[in-house]
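Analysis of the macromolecular model
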Amino acid sequence: MNSFGNASVDIDMLEREMAAEQTANLSGNIAGMSAPKSSTSRRGPMQEVDLDAEFDTLEEPVWDTVKRDVITVGAKFSHVILPHGDKQQLLRDWDLWGPLFICVGLALLLQHNGGTESAPQFTQVFTITFFGSVIVTANIKLLGGNISFFQSLCVIGYCLLPPFVAAVLCSLFLHGIAFPLRLLITSIGFVWSTYASMGFLAGCQPDKKRLLVIYPVFLFYFVVSWMIISHS
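These lines cover the structure that appears in this document, whether it is placed above or below. These figures come from a predicted structure and were not determined experimentally. (Residues numbered from 1 in each chain as written. Predicted model: local features only at pLDDT ≥ 70, side-chain atom pairs only at ≥ 80, totals over all residues. Heavy atoms only, no water.)

**Section: the nonpolar core**
This is how the line gets drawn: By nonpolar core we mean a set of buried residues, namely Ala, Val, Leu, Ile, Met, Phe, Trp, Tyr and Cys, connected to one another through side-chain atoms within 4.5 Å. To sort residues, take the accessible area from a 1.4 Å probe on protein chains only and compare it with the maximum for the residue type: under 20% means buried, over 50% means exposed, and anything in between is partly exposed. The helix count covers DSSP runs of H or I at least four residues long, the strand count covers runs of E at least two residues long, and both are numbered beginning at the N terminus. Contacts: residue pairs with any heavy atoms within 4.5 Å of one another.
Counting 35 residues, the largest nonpolar core has Val80, Leu106, Ile140, Cys159, Phe220, Tyr221 and Val224 as the members making the most contacts within it. For this core, the secondary-structure elements that each account for two or more residues are helix H2 (62-81), helix H4 (97-113), helix H5 (121-142), helix H6 (149-158), helix H7 (161-172), helix H8 (179-201) and helix H9 (210-230). Per-element tally for this core: the top contributor is H9, with seven residues. Ignoring sequence-local partners within four residues, the contact set of leucine 106 consists of Val125, Thr129, Phe164, Ala167, Val224 and Ile228.

The structure is reproduced here in structure tokens:
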């Protein structure tokens, strides 16, 4: 009986020792799990990103954003009207707001002048002005111009401003009258837009292929000017 009693005592002691070891292992695992937390807390500052420099417009009022964009577009228009200063600014800070406004405005203006037969004219004018500038831009890229696609599209679109101004003058003040004067105003807008665009694109083209670049630009502004004369 003593042997059975001793055996039961040994089993009880063994169970206690195993329970103690499991408790120690459990505490060790919990302690081990605390290490990643500390490492995570150390990595926390590395995951913080300073968004002020890149997305500072998220915290400003909408009116301030709109006002800044309008000022930027106006500055680019001033570079087209009076080519001066840093011409590369129009290439660095490109956007398509100005070309879009000019394209839509020119299409609406010529549609208004067309009368009752003007149903397809908006699509016609919008297609020629927008996709025509896209084709001219693709030609510049295929000839090896060191300029991005959207930069070239931005320049060609913004340089439509002189023909657009000529269209406004001919449509509002000289509609259907004084053809020589309308021809003179439109010709000035045509020459101005061609000169302004080549001033921006001259340094981006190989010298041997410059004539191949000028001809499509010349033809594009000529077609737009012809549409202004014929519909005003």
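Once the structure has been displayed, the description carries forward.
**A short note on the state of the cysteines**
As a reminder of what qualifies: Disulfides are defined in this document as cysteine sulfur pairs within 2.5 Å.
One pass over the full model with this rule turns up zero disulfides. The closest cysteine sulfur to the non-disulfide-bonded cysteine 159 is located on cysteine 154, 8.8 Å from its own sulfur.

**Some points on a nonpolar patch on the surface**
We count it as follows: Only residues whose relative accessible area exceeds 30% and that form no salt bridge are eligible for patches; like-charged ones are grouped when within 9 Å, while nonpolar side chains (Val, Leu, Ile, Met, Phe, Trp, Tyr) are grouped when within 5 Å. Residue-level accessible areas treat just the shown protein chains as cover; the underlying method is Shrake-Rupley with a 1.4 Å probe. When a carboxyl oxygen of Asp or Glu is within 4 Å of a side-chain nitrogen of Lys or Arg, the pair counts as a salt bridge.
On the surface, a cluster of nonpolar side chains totalling about 550 Å² of accessible area is made up of Ile81, Leu82, Leu181, Leu184, Ile188 and Trp192. Element by element, the count of residues in the nonpolar patch is highest for H8, at four residues. Along the chain, leucine 181 falls in helix H8. For leucine 181, a relative accessible area of 39% puts it in the partly exposed group.

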